[in-house]
Amino acid sequence: MTSYPVLDLTPDELLTTTRTVRKRLDTTREVPLELIRECLEVALQAPSGSNRQGWQWMVVTEPALRARIGDIYREEVEKYLASQASAAKQFVDDPDRGPVQRRIGNSVAWLGEHMGEVPVLVIPCIRGGVELPAGNQAGLWGSILPAAWSYSLAARARGLGTAWTTLHLSREAEVAELLGIPEGFHQAALLPTAYFTGETFKPAPREPLDSVLHVDRW
Ligand SMILES: Cc1cc2nc3c(=O)[nH]c(=O)nc-3n(C[C@H](O)[C@H](O)[C@H](O)COP(=O)(O)O)c2cc1C
């Protein structure tokens, strides 16, 4: 199946270096649609509830459409950055986590300004009725998020960067209308995709496993 070259990464290197790429997305370089299709072929191997495969994949390349989505995204980023929920406002007094959070805030702001210039925007969608189910939402989202993450991993393996974003979702209906996404399909994320600049990516600092691990009893 593979026709584009893949990077020489072990499975663990791939899993631990697939970062949220923002400032290093190369907005100047076109990405062939065939390469995106190849990443999506990988994504389709992900599990879904009852093997329903109720996903649909919206790939946006047309500049005017990207610009419109970029405008919506920018407005939502501005609201987010002004809110208490923003990354930069978390753990401000923590000497380890504070600077990391501020860096993320800065990077989120950059993507807010440039989303519409990223050459490919991928929106994974899942069929799920007009109203979201009251119970078992995990069943619905679990039938699209693993596939969307597989897409990001496949992209990373092929020298592309992606960013997992959701801030446009408060304007989901507007984006659905713009792109003709039918009623009953829910957008799970907005994944800007581009070649990345620079050499490679490193594992990120995370809270230690022992602070979140429970064996047999919480
Ligand atoms: C559910 C979810 C929603 C996110 N939404 C956004 C977003 O709208 N904009 C953004 O720039 N990053 C977003 N992120 C990316 C996180 O900020 C990022 O994963 C985190 O900073 C850790 O960085 P890393 O993925 O490079 O390890 C989101 C991540 C997740 C999992």
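Keep in mind it's a predicted model, so treat the numbers as computed, not measured.

Around the ligand sit Arg 19, Thr 20, Arg 22, Tyr 73, Ile 104, Val 108, Trp 164, Thr 165, Thr 166, Leu 167 and Arg 206, and those are all the residues in its vicinity. Note that an oxygen atom of the ligand is positioned 3.0 Å from one of the backbone N or O atoms of Leu 167. Notes on the ligand: free accessible area 620 Å², of which the protein chains cover 66%. Of the residues belonging to the shell around the ligand, the class tally is 5 nonpolar, 3 polar and 3 charged.

What the rule picks out here adds up to 3 aromatic pairs. Ring geometry for Trp 55 against Trp 57: centres 6.4 Å apart, planes inclined by 50 degrees, an arrangement best described as tilted. Note on Trp 55: relative accessible area 7%, which makes it buried. By relative accessible area, which is 18% here, Trp 57 ends up buried.

Turning next to the pattern of salt bridges. Within this structure, the stated rule accounts for 11 salt bridges. Measuring nitrogen to oxygen at the nearest pair gives 3.8 Å for the salt bridge that ties Arg 37 to Glu 34. Of the two residues, Arg 37 and Glu 34 both sit in helix 2 (residues 33-43), 3 residues apart, roughly one turn of that helix. Residues participating in the shared-partner salt-bridge network are Arg 68, Asp 71, Arg 74, Glu 75, Glu 76, Lys 79, Glu 113, Arg 171 and Glu 174.

Right, let's get into the packing of helix 2 against helix 6 (residues 145-157). When two helices pack together, their arrangement is given by the angle between the helix axes and the distance between those axes. One way to put it is that helix 2 packs onto helix 6 with a least axis distance of 8 Å and a crossing angle of 135 degrees. When the interaxial angle is binned, helix 2 and helix 6 end up oblique. For the crossing formed where helix 2 meets helix 6, the hand is right-handed. On the side of helix 2, the interface is formed by Ile 36, Cys 39, Leu 40, Val 42 and Ala 43, while helix 6 contributes Ala 147, Ser 150, Tyr 151, Ala 154 and Ala 155. Considered class by class, the residues forming the contact of helix 2 with helix 6 number 9 nonpolar, 1 polar and no charged.

Here we come to the nonpolar core. One finds Leu 111, Leu 121, Leu 179 and Leu 190 to be the most contacted residues of the largest nonpolar core, which totals 26 residues. Looking at this core, the elements that each hand over two or more residues are helix 3 (63-82), helix 4 (97-114), strand 2 (120-127) and helix 7 (172-179). Per-element tally for this core: the top contributor is helix 3, with 5 residues. The residues contacting Leu 190, other than those within four sequence positions of it, are Ile 69, Tyr 73, Met 115, Leu 121, Val 122, Ile 123, Ala 163, Trp 164, Thr 165 and His 168. Counting residues in hydrophobic clusters, the runner-up holds 25 residues, among them Leu 35, Ala 46, Ala 148 and Ala 155.

Conventions we followed
- Residues numbered from 1 in each chain as written.
- Predicted model: local features only at pLDDT ≥ 70, side-chain atom pairs only at ≥ 80, totals over all residues.
- Heavy atoms only, no water.
- Near = heavy atom within 4 Å.
- Polar contact = N/O pair within 3.5 Å; in protein donor to acceptor, adjacent residues only side chain to side chain.
- Areas by Shrake-Rupley, 256 points an atom, 1.4 Å probe, with all protein chains shown as cover.
- Nonpolar A, V, L, I, M, F, W, Y, C, P; charged D, E, K, R; others polar.
- Phe/Tyr/Trp six-rings, centres within 6.5 Å; stacked < 30°, edge-to-face > 60°.
- Buried < 20%, exposed > 50% of the residue type's maximum accessible area, 1.4 Å probe, protein only.
- Salt bridge = Lys/Arg side-chain N within 4 Å of Asp/Glu carboxyl O.
- Helix = DSSP H or I, 4+ residues; strand = E, 2+ residues; numbered from the N terminus.
- Axes fitted to C-alpha atoms, helices over the stretch in contact; angles between N-to-C directions.
- Parallel < 35°, antiparallel > 145°, perpendicular 65-115°, else oblique.
- Left-handed = near helix turned anticlockwise from the far one by under 90°.
- Contact = heavy atoms within 4.5 Å.
- Core = buried A, V, L, I, M, F, W, Y, C linked by side-chain atoms within 4.5 Å.

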